[in-house]
Amino acid sequence: MVEFQASVTDLVSEEPRTGLRPLTHSKSGKSLTQSLWLNNNALNDLRDFKHVISQLLEHPQNLAWIDLSFNDLTTIDPILTTFFNLSVLYLHGNSIQRLGEVNKLAVLPRLRSLTLHGNPIEEEKGYKQYVLCTMPRITTFDFSGVTRADRTTAEVWKRMNIKPKKIRIKQDTH
């Protein structure tokens, strides 16, 4: 959507790349799109993302597709979890280090397609199983459909590798 950027704030001054369909705009001049393609840039954080997006899009809360692939992101910014209509999120080809970062995305009720391959977390043992356990509504992961067998394998992996949290009950000493 936008030419090469090093920071989210650079987006405000740039013209979007031309796509297959022309962008439509509101009377205020903001884009009416539900997709945001920020792939192939040098973004290393999403500082001011919400503010910038609200300047560019008429209805940022309607974002359904965000492509942040091939950037320099090292974490999954919690700002992404505020887009409750998000159904597609591409984060492949970044520098995300910790598998636990995926936990942040579990709050997205409509997320169905997620990519994370090409990040250091892909090398973690149980990478796919962990993601599928954390994100049970995902139907496409790393551009492959999630099968019933994938779900079964993930559940077995979870039972073998993730200890259930112990609930402590405080005893009344009176």
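As a reminder, the structure under discussion sits directly above these lines.
Residues numbered from 1 in each chain as written. Predicted model: local features only at pLDDT ≥ 70, side-chain atom pairs only at ≥ 80, totals over all residues. Heavy atoms only, no water.

Explanation requested: the packing of helix α2 (residues 127-134) against helix α3 (residues 148-161) in the structure shown.
When two helices pack together, their arrangement is given by the angle between their axes and by how far apart the axes lie. Following both chains from N to C, one finds α2 and α3 inclined at 95 degrees, their axes separated by 8 Å at the closest point. The angle between the axes of α2 and α3 places the two elements in the roughly perpendicular class. Of the residues in α3, those in contact with K128, Q129, Y130, L132 and C133 of α2 are D150, R151, T153, A154, E155, W157 and K158. Partitioning the contact of α2 with α3 into residue classes produces five nonpolar, two polar and five charged. (Axes fitted to C-alpha atoms, helices over the stretch in contact; angles between N-to-C directions. Helix = DSSP H or I, 4+ residues; strand = E, 2+ residues; numbered from the N terminus. Parallel < 35°, antiparallel > 145°, perpendicular 65-115°, else oblique. Contact = heavy atoms within 4.5 Å. Nonpolar A, V, L, I, M, F, W, Y, C, P; charged D, E, K, R; others polar.)

I tried to follow the side chain of N71 on my own but got confused; where do I start?
Tracing the sequence through the fold places N71 in the loop between β2 (65-67) and β3 (88-90). Of note is the side chain of N71, whose polar atom sits 3.3 Å from the backbone nitrogen of N41. Look past the residues within four positions of N71 in its chain and what remains in contact with it is L38, N39, N40, N41, A42, L43, G93 and N94. (Polar contact = N/O pair within 3.5 Å; in protein donor to acceptor, adjacent residues only side chain to side chain.)

How should the nonpolar core be read in this particular structure?
Soluble globular proteins tend to bury their nonpolar side chains together. By size, the foremost hydrophobic cluster in this structure holds 41 residues, and its most contacted members are F49, L80 and L116. Residue assignment for this core shows that the elements contributing at least two residues are α1 (49-56), α2 and α3. Examining the composition of this core, we find that five residues originate from one element, α2, more than from any other. Residue contacts for L80: discarding those within four places in its chain leaves L46, F49, I66, L68, L86, L89, L91 and L108. (Core = buried A, V, L, I, M, F, W, Y, C linked by side-chain atoms within 4.5 Å. Buried < 20%, exposed > 50% of the residue type's maximum accessible area, 1.4 Å probe, protein only.)

Where do I start with unusual backbone geometry in this structure?
The residue F70 is not glycine, and still its phi comes out positive at about 55 degrees. On the secondary structure map, F70 appears in the loop between β2 and β3. F70 gets classed as partly exposed once you look at its relative accessible area, which sits at 43%. In this structure, D142 takes a positive phi of about 50 degrees despite not being glycine. Checked against the element boundaries, D142 lands in the loop between β5 (140-141) and β6 (144-145). Using a relative accessible area of 16% as the deciding quantity, one classes D142 as buried.

Could you clarify how one ought to interpret α1 in this entry?
Among all positions in α1, only F49, V52, I53 and L56 are buried. Projection of α1 onto a plane perpendicular to its axis shows the buried side chains occupying an angular sector of 100 degrees, all on one side. For α1, the elements touching its buried residues are β1 (35-37) and β2. (Arc of directions from axis to C-beta.)

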